[in-house]
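Next come the chains, spelled out residue by residue.
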Amino acid sequence: MSANPVQKTMVKLLFGVVGMFVFAVFVMPPLYDVFCEVTGIGGKTGGRYEVVEAGVDESRTVKVQFIATNNGEMSWDFAPITHELEVHPGEATEVKFFAKNRTSRDMVAQAVPSVSPFSAAGFFHKTECFCFNQQPLEAGKEAELPLVFIVDRDLPKAVNTITLSYTLFDITDRMETAAVAQLN
């Protein structure tokens, strides 16, 4: 008994959908990372920066703006304490962000940074950042989250303003799942 044309079409469509899913989940992320690395776009910031003494360029100032947003499922108050400031390239600067867990349960958060313009991402260095670690916060508690950064002296002269944006995600369930998995 042979399959009718409708069944053949459905099987082809099913394989097509599965193929697209595999491509989107397993192939696209590494390709995107390579593309961003090669082109310098994407606004990803690096990890912890080891300070290299190169001096402070006091002849130049750069405005740095800070933005904080919550992922749709995150119910904390989250905001920069300082919204913008002027810095000299090469100068270490500390700012703080405010977080408050407004819920009745202990939670764990993870902040994900992004820098714009994209061309500035490689010149914005964090030496200390709350985004390097998960941030546990008990129900009803609040915290000041520190960030220490340096704008590189080699920042292109055309860049006068850098915006650092953090999105805060609730990862409580993931942390609980990981803890249970370790017990087994």
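Whatever comes next refers back to the structure up there.
Reading the values: the criteria
- Residues numbered from 1 in each chain as written.
- Predicted model: local features only at pLDDT ≥ 70, side-chain atom pairs only at ≥ 80, totals over all residues.
- Heavy atoms only, no water.
- Patch = residues over 30% accessible without salt bridge, like charges linked within 9 Å, V, L, I, M, F, W, Y side chains within 5 Å.
- Areas by Shrake-Rupley, 256 points an atom, 1.4 Å probe, with all protein chains shown as cover.
- Salt bridge = Lys/Arg side-chain N within 4 Å of Asp/Glu carboxyl O.
- Helix = DSSP H or I, 4+ residues; strand = E, 2+ residues; numbered from the N terminus.
- Core = buried A, V, L, I, M, F, W, Y, C linked by side-chain atoms within 4.5 Å.
- Buried < 20%, exposed > 50% of the residue type's maximum accessible area, 1.4 Å probe, protein only.
- Contact = heavy atoms within 4.5 Å.
- Pairing = 2+ DSSP bridges.
- Axes fitted to C-alpha atoms, helices over the stretch in contact; angles between N-to-C directions.
- Disulfide = S-S within 2.5 Å.
- Lys, Arg positive; Asp, Glu negative; His and termini not counted.

Side chains of Val6, Met10 and Leu13 sit close together on the surface and give an oily, nonpolar patch of about 320 Å² of accessible area. Looking at the element boundaries, Met10 is found in helix α1 (residues 5-39).

Here the focus is unusual backbone geometry. In the segment running from Ser116 into Pro117, the intervening peptide bond is cis, with an omega of 0 degrees. Assignment of secondary structure puts Pro117 in the loop between β5 (107-116) and β6 (124-129).

Moving on: the nonpolar core. Ranked by size, the top nonpolar core spans 33 residues in total, and within it Phe97, Leu147, Phe149 and Tyr166 carry the most contacts. Those residues in contact with Leu147, other than ones at most four positions away along the chain, are Phe66, Thr93, Glu94, Val95, Phe97, Lys126, Glu128, Cys129, Phe130, Leu164 and Tyr166.

Strand order in the open sheet formed by four strands is β2-β4-β8-β6, with antiparallel pairing between adjacent strands. Lying at the two open borders of the sheet, with one neighbouring strand each, are β2 (77-80) and β6. The mean inter-strand angle of the sheet, taken between neighbouring strand axes irrespective of direction, is 25 degrees. Both β2 and strand β4 (residues 92-100) contribute to a ladder of four bridges, which runs antiparallel. The partner of Pro80 across the bridge, within β4, is Phe97.

The next thing to look at is the pattern of salt bridges. Side-chain pairing between opposite charges can occur once the charged atoms of the two side chains come close. Taken as a whole and assessed by the stated rule, the structure comprises four salt bridges. Asp77 serves as the salt-bridge partner of Arg102, at 2.8 Å between the closest nitrogen and oxygen. Of this pair, Arg102 sits in the loop between β4 and β5 while Asp77 sits in strand β2, and the two are 25 residues apart along the sequence. In this structure Arg102 comes out as exposed when scored by relative accessible area, which is 53%.

With that settled, the discussion passes to the state of the cysteines. Counting across every chain of the model gives one disulfide. The disulfide that involves Cys129 links it to Cys131, with 2.5 Å between the sulfurs. Its torsion about the S-S bond being 130 degrees, the disulfide of Cys129 and Cys131 is classed as right-handed. In this pair, the class of Cys129 matches that of Cys131, namely buried.

The next point concerns the side chain of Arg60. Within the secondary structure, Arg60 sits in the loop between α1 and β1 (62-70). Despite its burial, Arg60 pairs with no opposite charge; the closest candidate is Asp57, at 5.4 Å N-O. Arg60 has contacts with Val87, His88, Pro89, Arg153, Leu155, Pro156, Lys157 and Val159, leaving out every residue within four places of it along the chain.

Note: β4 against strand β8 (residues 142-151), nine bridges, orientation antiparallel. Residue pairing across strands places Thr93 opposite Phe149, the latter belonging to β8. Across five bridges, β6 lies against β8 in antiparallel orientation. Directly across from Lys126, in β8, lies its bridge partner Phe149.

With mixed pairing, five strands are arranged side by side in an open sheet as β3-β1-β9-β5-β7. Across the chains shown, the open sheet's two edge strands, defined by having one partner strand only, are β3 (84-87) and β7 (135-137). Here the strands of the sheet are splayed against their neighbours by 30 degrees on average, with no regard to which way each runs. Pairing analysis gives four bridges linking β1 to β3, with the strands arranged antiparallel.

Another aspect to go through is the environment of Pro80. With respect to the element layout, Pro80 can be found in strand β2. Distance from Pro80 to Lys96, taken between C-alpha atoms, is 6.3 Å for residues 16 residues apart in sequence. Apart from the residues within four sequence positions on either side, Pro80 is in contact with Phe66, Ala68, Lys96 and Phe97.

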